[in-house]
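Summary of structural features
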Amino acid sequence: MIKSLINKILGKTPATKRASASAKTAPTGKRVDVPASEHGIDPSLVDERASKVLETLQDAGYEAYIVGGAVRDLLLGLRPKDFDVATNATPEQVKGLFRRAFIIGRRFRIVHVVYGRGRENEVIEVSTFRAYLDVGAAEQVAGNEKSSRKTLADKTHVVDASGRVLRDNVWGPQDQDAARRDFTINAMYYDPRTGVVVDYHGGIKDAKKRVLRMIGDPETRYREDPVRIIRVVRFAAKLDFEIEPKTRAPLKKMAELLANVPPSRLFDEMLKLLQTGHAQASLDQLRKQGLDRGMFPILDAVFDETRSIPGRDKFIKLALNDTDRRVSEGKPVAPSFLLACLLWHDVLALWKQNKAQGEPTFPALQSATEAVFDARIGDISGRGKLAGDMREIWTMQPRFDRRSGNAPMTLVEQARFRAAFDFLRLRAASGEADAELATWWEDFSLADSDERSDLIEVARQQDQAKRQVRPPAEGESASEGDAPAKKRRRRRRKPAGEGGSTSEGDTAAAGRDAE
């Protein structure tokens, strides 16, 4: 009663009434129940734990469906990587049904149902059907998620000055939930128990035509969440779909809205763009849509042809293809490795510049890594570990040239050795590093202790063969020019009276070189 009076005085409309009013303008579409005989989804592709979540919710009397990208992938005959569930149960009701369930999120509260532990754990994300809310009816704040956190605390539907939705914790019916999703192919609901796919916006038809189509007015939807600009590019690249003309038309014009998105969220979206197994196709799609400048500082470094260095394009393509291959083989992909590849030539150029100014090799490299990281990545979530991993990969590169003494044994025991070696391997494949060096380190990393000693001796002989005797400088005699070589020969001779031969002395010296 009191709250209603306050709202009336302040001219505010309750969330429930806003949701009801918005329903009149929502592009809700018409519900179509498509049977298994028509959509052809293979039920065996459905994750067992996702099915358990559905059954638990349905047995408790709630509606529950697999939703979004998982349904899209199932329709395309693919095994989804992740399974999301949508239900009419509230987050608190969902949490009460599962032993390990956690409510997360500020902008919109969802539930993570967790199965297993450690690396074997799996998370099924459960969201409550959301109401379609008219942006024009929302409360507006001047700042963003961080600067307006206190203002947002007790509000349910808030946008910023550009119309970007900051909070929309309002539940609604399924048809409105479908209307507020981005693309038609992501707005379908599948019930494995009945085999029915619920489709409000012709998602099945678009999936068969391989077309990406925005639900509702594209400009309004991009304004609500500018990250959709990146998502449409990512889906087009990942699925090899065409972007429907009306959906494509505002992309370049609306891209400036991405400046309002928190850097950490933008950074996460960029990683998704590069780590879904279609990195090169994603970059090609960005170029195609005219979005290859100004979106991500890291990608600006990749696309900026005026700063290109011979061999750089080849190195980056090899790195992207290597990432795509690992994803296709189900192997883990570390963002630090790929980012280290994308920014390596920035580091290399600055490293050379620092050395030219008189800095010693390693300090010059360390200062270059810090400067490039700050300029291209900046202050983001998880910066500490990401920066540490990238720094190790970069600073290990000159250490691969040291193959004598204990240096190889020390290096191969480093935690990031494998990543640094893979980086060296890409450098060798692009022609930047010696292929023979990469082969030697591959052999050394796999060898036993005796084989490693032999490899160190081989490396010593190779390095000795590559050394050139310094030619005499002008006005210097040949013997003076050869002085360093004579000094080495004197060190290898046994002192008189010890009874050893010269060859034995050479062997001992070789042993010291290998230590």
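Described below are features of the structure shown in this document. Predicted model only: the values in this text are computed from it and were never measured.

1. Side note on the nonpolar core
In terms of nonpolar packing, the biggest core is built from 68 residues, with L299 and L339 touching the most fellow members. Considering every element that reaches this core, the biggest residue donor is helix α18 (residues 335-356), with 11 residues. Sequence-distant contacts of L339, that is, excluding residues within four places in its chain, are made with F267, M270, L271, I298, I377, L386, M390 and W394. Within the second largest apolar cluster, 29 residues are counted, among which are A101, V111, V113 and V126.

2. Observations concerning the pairing of strand β10 (residues 188-191)
Of the two faces of β10, both are covered, the one formed by M188 and Y190 as well as the one formed by Y189 and D191. Where strand β2 (residues 64-67) and β10 come together, 2 bridges link them in antiparallel fashion. Residue pairing for β10: I66 is matched across the bridge by Y190. Here 4 bridges tie β10 to strand β11 (residues 196-199), and the two strands are oriented antiparallel to one another. Its bridge partner being in β11, Y190 is matched across the sheet by V197.

3. A closer look at the packing of aromatic side chains
Here the distance between the centres and the angle between the planes together describe a pair of aromatic rings. Counted according to the given criterion, the structure contains 14 aromatic pairs. On the numbers, 5.5 Å between centres and 70° between planes, the contact of F315 with F423 is edge-to-face. Note that F315 is positioned in helix α17 (residues 312-328) and F423 in helix α22 (residues 417-429), a separation of 108 residues in sequence. Take F315 and F423: they sit in the same class, and that class is buried. Pairing F337 with F423 gives two aromatic rings, centres 6.3 Å apart and planes at 85°, and the pair type is edge-to-face. A residue pair is termed long-range when its members are at least 10 positions apart, and F337 in helix α18 and F423 in helix α22 qualify at 86 residues. As far as burial versus exposure is concerned, F337 and F423 are alike and both buried. Taken together, the ring pairs in this structure connect F400, F417, F421, W440, W441 and F444 into an aromatic cluster. The ring of F235 has R234 sitting right over it, with the charged end atom 5.1 Å from the ring centre. Positioned above the aromatic ring of F444, the side-chain terminus of R452 is 4.9 Å from the ring centre.

4. What about helix α11 (residues 227-239)?
In this model, α11 (13 residues) spans 18 Å end to end at C-alpha, consistent with the 18 Å of a helix rising 1.5 Å per residue. In terms of residue burial, α11 counts as a mostly covered element, since 11 of its 13 residues are buried. For α11, the set of buried residues is V227, R228, I229, I230, V232, V233, R234, F235, A236, A237 and L239. Looking one or two residues beyond α11, the residue adopting positive phi is D240, at roughly 60°.

5. Structural notes on the environment of R391
Its location among the elements puts R391 in helix α20 (residues 383-396). Spatially, the C-alpha atom of R391 lies 7.7 Å from that of Q366, the residues being 25 residues apart in sequence. Those residues in contact with R391 that sit more than four places away from it in its chain are T369 and E370.

6. Things to note about the packing of α17 against α18
Where α17 meets α18, the closest approach of the two axes is 10 Å, and the angle between their N-to-C directions is 180°. The angle between α17 and α18 falls in the class roughly antiparallel. Contacts between α17 and α18 involve R312, F315, I316, A319, L320, D322 and T323 from the former and F337, L338, C341, L342, W344, H345 and D346 from the latter. Across the contact of α17 with α18, the residue classes tally to 9 nonpolar, 2 polar and 3 charged.

7. Regarding the side chain of E224
Mapped onto the elements of the fold, E224 is located in helix α10 (residues 218-224). A polar contact of 3.1 Å, which involves the side chain of E224, links it to the side chain of R228.

8. Quick notes on the pattern of salt bridges
All told, the structure shown has 32 salt bridges when counted by the stated rule. The salt bridge involving E122 is made with R49; its shortest N-O contact spans 3.4 Å. Of the two residues, E122 sits in strand β6 (residues 122-128) while R49 sits in helix α4 (residues 48-59), which places them 73 residues apart along the sequence. Exposure remark for E122: the relative accessible area of 19% places this residue in the buried category. Judged by relative accessible area, which is 28%, R49 ranks as partly exposed. E457 is paired through a salt bridge with R460; the nearest N and O atoms lie 3.0 Å apart.

The rules behind the values
Residues numbered from 1 in each chain as written. Predicted model: local features only at pLDDT ≥ 70, side-chain atom pairs only at ≥ 80, totals over all residues. Heavy atoms only, no water. Core = buried A, V, L, I, M, F, W, Y, C linked by side-chain atoms within 4.5 Å. Buried < 20%, exposed > 50% of the residue type's maximum accessible area, 1.4 Å probe, protein only. Helix = DSSP H or I, 4+ residues; strand = E, 2+ residues; numbered from the N terminus. Contact = heavy atoms within 4.5 Å. Pairing = 2+ DSSP bridges. Phe/Tyr/Trp six-rings, centres within 6.5 Å; stacked < 30°, edge-to-face > 60°. Lys NZ or Arg CZ within 6 Å of the ring centre and 35° of its normal. Expected span 1.5 Å × (residues − 1). Axes fitted to C-alpha atoms, helices over the stretch in contact; angles between N-to-C directions. Parallel < 35°, antiparallel > 145°, perpendicular 65-115°, else oblique. Nonpolar A, V, L, I, M, F, W, Y, C, P; charged D, E, K, R; others polar. Polar contact = N/O pair within 3.5 Å; in protein donor to acceptor, adjacent residues only side chain to side chain. Salt bridge = Lys/Arg side-chain N within 4 Å of Asp/Glu carboxyl O.

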